[in-house]
Amino acid sequence: MPGIDKLPIEETLEDSPQTRSLLGVFEEDATAISNYMNQLYQAMHRIYDAQNELSAATHLTSKLLKEYEKQRFPLGGDDEVMSSTLQQFSKVIDELSSCHAVLSTQLADAMMFPITQFKERDLKEILTLKEVFQIASNDHDAAINRYSRLSKKRENDKVKYEVTEDVYTSRKKQHQTMMHYFCALNTLQYKKKIALLEPLLGYMQAQISFFKMGSENLNEQLEEFLTNIGTSVQNVRREMDSDIETMQQTIEDLEVASDPLYVPDPDPTKFPVHRNLTRKAGYLNARKSSILQAESKKDHEEWICTINNISKQIYLSENPEEIAARVNQSALEAVTPSPSFQQRHESLRPAGQSRPSTARTSSSGSLGSESTNLAALSLDSLVAPDTPIQFDIISPVCEDQSGQAKTPGQGGRRTNPFGESGGGSKSETEDSILHQLFIVRFLGSMEVKSDDNPDIVYETMRQILAARAIHNIFRMTESHLLVTCDCLKLIDPQTQVTRLMFPLPSVVLYATHQENKRLFGFVLRTSGGKSESNLSSICYIFESNNEGEKICDSVGLAKQIALHAELDRRASEKQKEIERVREKQQKELSKQKQIEKDLEEQSRLIAASSRPNQASSEGQFVVLSSSQSEESDLGEEGKKRESEA
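All values reported here derive from a predicted model rather than from experimental measurement. Counting from 1, residues in each chain are numbered in the order their sequence is written. Local features in this predicted model are restricted to residues of pLDDT 70 or higher, and side-chain atom pairs are both shown and tallied only at a pLDDT of 80 or more, whereas totals for entire chains, interfaces and linings draw on every residue. Note that the side-chain values use all heavy atoms of the structure and ignore hydrogens as well as water.

> Describe in detail the overall build of the protein, supporting the description with residues and values.
In this text, helices come from DSSP runs of H or I with a minimum length of four residues, and strands from runs of E with a minimum of two, each type numbered from the N-terminal end. When helices and strands are counted, the protein shows eleven helices and ten strands. Three labels apply to residues, based on accessible area from a 1.4 Å probe with only protein chains included: buried if under 20% of the type maximum, exposed if over 50%, partly exposed otherwise in between. Out of the 645 residues in the protein, the part that is buried amounts to 29%. A fraction of 70% describes how many contacts in the protein between residues 6 or more apart in sequence connect residues 24 or more apart. When the accessible surface of the protein is totalled, it reaches about 43300 Å², and 53% of it is carbon and sulfur. We call two residues contacting when some pair of their heavy atoms lies within 4.5 Å. For accessible areas, the Shrake-Rupley method is used with a probe of radius 1.4 Å. Any residue's cover is judged against the shown protein chains and nothing else.

Here it is, written out as structure tokens:
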């Protein structure tokens, strides 16, 4: 190819300064080519990546359109026209996805492969030869330097031969490397033109092929389909605009008509109470955790009537409203009417004010005192006739004022639920290593016939909840349940007064509801009941904040700790008894030894006094020394110990 500059390979052996200068120009050109081709490679690689991403995204779109008919939308899920339309779009887009996949393959083969090969093979070859040539040149310069320093006065043939051989070898290596390097630089001038034109040619050919495939797929039938879809979209848009106008007009009309309803308590003469409802939707305000407040008198009465009708399962009948009307009428004729809205508020006033005689019995009473005229729903099917249910906790203060005797374990003393003494007296549960506090709401309690089966707790829960629903008892007393190793305490959250205390050994059974984990209960075994000589069992049912299982686990842990403590106490008492017996035996043994020792001493003294007094020739007496007596005592005592052993 004319016009391409070359390095003179025949001048590589001479290695003149002019050749080196020309080599520097070619090296600078190779560096510029390398930088430019790297940038071009990155740009083409972005095209290739974008095409791959477009192909994958198109395929995913087609797949999602195919799966539209499998989706279950709450609204408009059975639109067959939309499903068939999207299926048609899915086929067309799938064909386009195939075309994009073919284009990606052609770009990889015709565009990316040539430029990648030039970048990874040819440019790296130039860099490698440049490094090898630089090393060979340095070795040649070092050999020439050593040769030029040979001494002319004291020539050494061996050294001169070695240096000469080194110069020969390095010069030959430099010459060969330089020739290959020059050849690669000359060839690079051709390869750069190929590397620039071949990828562009492949890119254009791939695009032309892609457009040909597109023109073959986009036929007249597809154009007609797209035209019809465009017309349908315009029709839907016009229908939407018309519907928006209709809804805006409806909103304006409702704003004018609903103006009286914005008042929180509308006039009951204009908006009467519907007492035959079996379904009502709305909102009730939560007052602490068990008292609900309606917005108006009308809502108040309707909510109560609706809940009553639902609890009687009237909604399962064919004509619920008619049956609800008959049941409500018969209930009004059979029982005392329910208190009005004002009377219910007056019932919450202090005891000094008089209460209306028509007020309903307080929820703290038992079911035995309730009216027995509810013919529609008799309590005989839910609760035994002779088993009353207590729906509230009788506080100790009320018992003192009424002159009744306190139940065992109850007291009016303030209790710190965390086991800390608030005054000079020490708390009964201070020594307990377990203190766990839970928020509970008392649902009710009743006497049970057995306490050895968890089904007793489940049945008691069912009967108490059913009785509350029948008698419209929704009020629950909230307390703090303190679990210790000694007892269970119900503490007033406001005054910290202990309402009830259950000794832990008397709690013989406890369980949580199998489905509603907020409900739990336990059976307390007490003496008395109907007969003071017999044991009775009372089941207490509570509601917690999703902590039923945790409370039961805590009670179980407390009983285990109490059991281990009792076992440790018994073992300690037994060990102390053994120590006392051992100490007593030691004292008796010591006392016996002292008596024996005294007897021996007396016997020795008597024996010594009975012998005649013999004088020696010098007029001296024979006296038994104290050391000899002590040795004799020790010897006799040792013999006695051996005999005792």
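> Explain the pairing of strand β10 (residues 535–544) to me, using residue names and the numbers behind them.
With eight of ten residues buried, β10 lies mostly within the body of the structure. Where strand β4 (residues 436–448) lies against β10, eight bridges are found, and the strand directions are antiparallel. Looking at β10, one finds that Val-440 is bridged to Ser-544. Strand pairing is assigned whenever DSSP identifies at least 2 bridges connecting the two strands.

> Can you tell me about the packing of aromatic side chains, naming the residues and giving the values?
To pair, rings of Phe, Tyr and Trp, with the six-membered ring standing in for Trp, must have centres within 6.5 Å; the planes then decide the type, stacked if under 30 degrees apart, edge-to-face if over 60, and tilted in the middle. By the definition in use, this model includes ten aromatic pairs. Plain terms: the ring middles of Phe-210 and Phe-211 are 5.7 Å apart, the flat faces sit at 55 degrees to each other, and that makes the pair tilted. The exposure class assigned to Phe-210 is buried, which follows from its relative accessible area of 14%. By relative accessible area, Phe-211 is classed as exposed at 54%. Cluster of aromatic residues (ring-pair linked, three or more members): Phe-442, Phe-502, Phe-520, Phe-522, Tyr-540 and Phe-542. In our convention, an over-ring charge means Lys NZ or Arg CZ found within 6 Å of a ring centre and within 35 degrees of that ring's normal. In this structure, Lys-119 packs its charged tip against the face of Tyr-41, placed 5.0 Å from the ring centre.

> Explain the environment of Lys-6 to me, and be specific about the residues and the numbers.
With respect to the element layout, Lys-6 can be found in the segment before α1 (17–66). Residues Lys-6 and Leu-185, 179 residues apart in the sequence, show an inter-C-alpha distance of 8.0 Å. When residues no more than four places from it in sequence are discounted, the contact partners of Lys-6 are Leu-22, Phe-26, Asn-186 and Tyr-190.

> Can you explain the nonpolar core? Please cite residues and give values.
To form a nonpolar core, buried Ala, Val, Leu, Ile, Met, Phe, Trp, Tyr and Cys residues must be joined to one another through side-chain atoms within 4.5 Å. Counting 29 residues, the largest nonpolar core has Leu-23, Met-37, Phe-118, Leu-185 and Leu-188 as the members making the most contacts within it. Mapped by element, the contributors of at least two residues to this core are α1, α2 (80–148) and α3 (157–217). A total of eleven residues in this core trace back to one element, the largest contributor, which is α2. Excluding residues within four positions of it along the chain, Leu-23 makes contact with Leu-7, Phe-133, Tyr-181, Phe-182 and Leu-185. Formed by 23 residues, the second largest nonpolar core is a distinct cluster that contains Phe-438, Leu-481, Leu-500 and Tyr-540.

> How would you summarise the packing of α1 against α3 if you had to cite specific residues and measurements?
A fitted line through C-alpha atoms serves as each axis, taken over the contacting stretch for helices, and the angle formed by two N-to-C directions is quoted from 0 to 180°. Taken N-terminus to C-terminus, the directions of α1 and α3 make an angle of 30 degrees; their axes are 11 Å apart at the nearest point. Classified by the angle between their axes, α1 and α3 sit roughly parallel to one another. For the pair α1 and α3, the sense of crossing is left-handed. Residue composition of the contact of α1 with α3, grouped by class: 19 nonpolar, four polar and four charged. Angular relationships are summarised with four words: roughly parallel below 35 degrees, roughly antiparallel beyond 145, roughly perpendicular across 65 to 115, and oblique for the angles in between. The hand of a helix crossing depends on one turn: near helix anticlockwise from the far one by less than a right angle means left-handed, and clockwise means right-handed. Each residue is assigned to one of three groups, with Ala, Val, Leu, Ile, Met, Phe, Trp, Tyr, Cys and Pro labelled nonpolar, Asp, Glu, Lys and Arg labelled charged, and all others, Gly among them, labelled polar.

> Give me the pattern of salt bridges: which residues, what numbers.
Put simply, a salt bridge is a Lys or Arg side-chain nitrogen that is within 4 Å of an Asp or Glu carboxyl oxygen. Counted under the stated rule, the structure contains 25 salt bridges. With a closest N to O distance of 2.6 Å, Arg-499 and Asp-492 form a salt bridge. For Arg-499, a relative accessible area of 13% puts it in the buried group. You can call Asp-492 buried: its relative accessible area is 14%.

> Could you give an account of empty space enclosed by the protein, with specific residues and numbers?
Think of a 1 Å grid over just the protein atoms. A cavity is a set of points where a 1.4 Å probe fits yet cannot get out, a pocket is an open set with protein on both sides within 12 Å along at least five of seven lines, and lining residues have an atom within 4 Å of a point. Grid points are joined across faces, edges and corners, and a volume is the space filled by probe spheres set on the points. Overall, the coordinates contain one cavity of 30 Å³ or more when judged by the stated rule. The computed volume of the largest cavity comes to approximately 30 Å³. Forming the boundary of the largest cavity are Leu-481, Leu-488, Tyr-510, Phe-520, Gly-521, Phe-522, Ile-551, Cys-552 and Val-555. Every element with two or more residues in the lining of the largest cavity is listed here: β9 (519–527) and α10 (548–610). Here the lining of the largest cavity is composed, by residue class, of eight nonpolar, one polar and no charged.

> Account for unusual backbone geometry, with residues named and values stated.
For Asp-15, which is not glycine, the phi dihedral falls at a positive 50 degrees. Mapped onto the secondary structure, Asp-15 falls in the segment before α1.

> Hey, could you go over α10 for me, with residue numbers and the actual values?
An expected span of 1.5 Å times one less than the residue number is assigned to each helix. Between its first and last C-alpha, α10 extends 93 Å over 63 residues, near the 93 Å set by a 1.5 Å rise per residue. Every buried residue of α10 is listed here: Gly-548, Ile-551, Cys-552, Ser-554, Val-555, Gly-556, Ala-558 and Glu-600.

> Mind laying out a nonpolar patch on the surface, listing which residues take part and the relevant values?
Patch rule: a residue counts if its relative accessible area is over 30% and it has no salt bridge; like charges are joined within 9 Å, and nonpolar side chains (Val, Leu, Ile, Met, Phe, Trp, Tyr) within 5 Å. Taken together, Met-240, Ile-244 and Met-247 make up a surface patch of nonpolar side chains, about 270 Å² in accessible area. For Met-240, the position within the fold is in helix α4 (residues 220–257).

> Describe helix α9 (residues 455–470), naming the residues involved and giving the relevant values.
In a regular helix each residue adds 1.5 Å, so 16 residues correspond to 22 Å; α9 covers 22 Å between its end C-alpha atoms and thus fits that length. Considered for burial, the residues of α9 that qualify are Val-457, Thr-460, Met-461, Gln-463, Ile-464, Ala-466, Ala-467, Arg-468 and Ile-470. Looking at the buried residues of α9, the elements they touch are β3 (389–390), β4, β8 (507–512), β9 and β10. One or two steps after α9, the chain reaches Asn-472, where phi turns positive at roughly 60 degrees.

> Explain the packing of α2 against α3 to me, and be specific about the residues and the numbers.
Two elements in contact, α2 and α3, have axes separated by 8 Å at closest approach and are oriented at 170 degrees. In this view, α2 runs roughly antiparallel relative to α3, as classed from their interaxial angle. For the contact of α2 with α3, the class distribution of residues is 31 nonpolar, 13 polar and twelve charged.

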